[in-house]
Amino acid sequence: MAHVYRVHEHLIPDTPALLASAFGRDSDSLCKKAAFSALIDIDLDKARELFRSCSNDLTLLDPELQLVILDFMRKDCKVNYNDKGFYIKCISSLLESKSSAVRFSAANLLISITNTPSAVKVAVECFVELAAKEIDLNAKLILLGKIQSVVEENPGVCSELALDILKVLVTNEIQVKKQCVSLVLSLVSSKHLEEVVLFLRKDLLKFCKSFHEKEGIDDYIDFLLDSLNFCLKSNAEFITKILS
């Protein structure tokens, strides 16, 4: 229907209204997704009107439809600046979605339309939580890479999150651990230095005792020692605590 409307609008002139009606009438999430996707392509104004009618309960919608709604907000933000604040509120609500894919997309969209410190922190917190829960190695590395990118683009904003990022260290994957530690070291301040040092010490002792045969363990132990040295070289008062 949407394709016919784009090519020969006069054949089905009320297509936007029909799609909006189908969205509101149909209870099937796939049909709702298809109707809204088609409406975005042919009538952004009508899609905007329809979106406002369902924006109060976005977290209750099907994840596939939530992704389509995020795509709509991404497109509409480029031409509709007046609703930017409203969209930021809606995107923030989707950070609470049950779907990891929706949460990742929402966090990405949030920092693409605003770089306020509060928005950046919320997005990074979401990425950190997803990375900590993610089982797949490649997905963890992608999330850590995303966090690193955001941190570098917003210097000084995410230093408070150094301890949160340590949660991702709860894994036996050496590659993930090294990337995580490097990220934490780029954020650590004197405020969190003691906690970070003690955490790295604990990880060092665990690996020294339990993973002698694991591939790459010697390299990781050397990496942890270098990291501890980095933390302690200008903070000698912690050395006694580390050695005890």
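Residues numbered from 1 in each chain as written. Predicted model: local features only at pLDDT ≥ 70, side-chain atom pairs only at ≥ 80, totals over all residues. Heavy atoms only, no water.

1. Considerations on the confidence of the model for the chain
Step number 1: With 82% of its residues at a pLDDT of 70 or more, the chain has an overall mean of 83.
Step number 2: Looking at the elements of the chain, mean pLDDT is at its lowest for helix α1 (residues 2-7), recorded as 54, and at its highest for helix α7 (residues 100-113), recorded as 95. (pLDDT = per-residue confidence, 0-100. Helix = DSSP H or I, 4+ residues; strand = E, 2+ residues; numbered from the N terminus.)

2. Some points on the pattern of salt bridges
A side chain of one charge can pair with a side chain of the opposite charge if their charged atoms are brought near each other.
Step number 1: Counted under the stated rule, the structure contains 14 salt bridges.
Step number 2: In this structure, Asp71 and Arg74 form a salt bridge, with 2.5 Å as the shortest nitrogen-oxygen distance. Remark: Arg74 and Asp71 occur in helix α5 (residues 63-76); sequence separation between them is three residues, near one turn of the helix.
Step number 3: Given the relative accessible area of 25%, Asp71 is considered partly exposed.
Step number 4: Classification of Arg74 by relative accessible area gives partly exposed; the value is 35%.
Step number 5: Among the ionic pairs, Lys167 bridges to Asp164, the shortest N-O distance being 3.7 Å.
Step number 6: A relative accessible area of 26% means that Asp164 is categorised as partly exposed.
Step number 7: Ionic contacts of the salt-bridge type, sharing partners, join the residues Asp45, Arg48 and Asp76 into one network. (Salt bridge = Lys/Arg side-chain N within 4 Å of Asp/Glu carboxyl O. Buried < 20%, exposed > 50% of the residue type's maximum accessible area, 1.4 Å probe, protein only.)

3. Here's the deal with the environment of Leu161
Step number 1: Here Leu161 lies in the loop between α9 (137-153) and α10 (162-165).
Step number 2: Look at Leu161 and you get buried, because its relative accessible area is 4%.

4. Notes on the nonpolar core
Step number 1: With 72 residues, the main nonpolar core has Phe36, Phe51, Met73 and Ile147 as its most contacted residues.
Step number 2: Apart from residues no more than four positions distant in its own chain, Ile147 is found in contact with Val124, Phe127, Val128, Ile165 and Leu183. (Core = buried A, V, L, I, M, F, W, Y, C linked by side-chain atoms within 4.5 Å. Contact = heavy atoms within 4.5 Å.)

5. Side note on the side chain of Ser227
Step number 1: Note on placement: Ser227 falls in helix α13 (residues 217-232).
Step number 2: By relative accessible area, Ser227 is classed as buried at 3%.

6. Overview of the packing of aromatic side chains
Step number 1: For the structure shown, the criterion picks out eight aromatic pairs.
Step number 2: Consider the rings of Phe72 and Tyr87, whose centres lie 6.0 Å apart with planes at 80 degrees: the pair is edge-to-face. Taken together, the residues span a long stretch of sequence, with Phe72 in helix α5 and Tyr87 in helix α6 (residues 84-94) at a distance of 15 residues. The same class applies to Phe72 and to Tyr87, which are both buried.
Step number 3: Considering the side-chain rings of Tyr220 and Phe223, the 6.3 Å spacing of their centres and the 25 degrees angle between planes classify their relative orientation as stacked. (Phe/Tyr/Trp six-rings, centres within 6.5 Å; stacked < 30°, edge-to-face > 60°.)

7. A word on the packing of helix α3 (residues 29-42) against α5
Angle between the axes and distance between the axes are the two parameters that describe a pair of packed helices.
Step number 1: Relative to each other, α3 and α5 sit at 10 degrees, their axes nearing to 9 Å. One finds that α3 runs roughly parallel with respect to α5. Here Lys32, Lys33, Phe36, Ser37, Ile40 and Asp41 of α3 lie close against α5, whose contacting residues are Glu64, Leu65, Val68, Ile69, Phe72 and Lys75.
Step number 2: Of the residues assigned to the contact of α3 with α5, the class counts are six nonpolar, one polar and five charged. (Axes fitted to C-alpha atoms, helices over the stretch in contact; angles between N-to-C directions. Parallel < 35°, antiparallel > 145°, perpendicular 65-115°, else oblique. Nonpolar A, V, L, I, M, F, W, Y, C, P; charged D, E, K, R; others polar.)

8. Some words on the environment of Ile91
Step number 1: Note that Ile91 resides in helix α6.
Step number 2: Assessed through its relative accessible area of 0%, Ile91 is described here as buried.
Step number 3: On a C-alpha basis, the gap between Ile91 and Leu70 in space is 7.3 Å, while along the polypeptide they are 21 residues apart.

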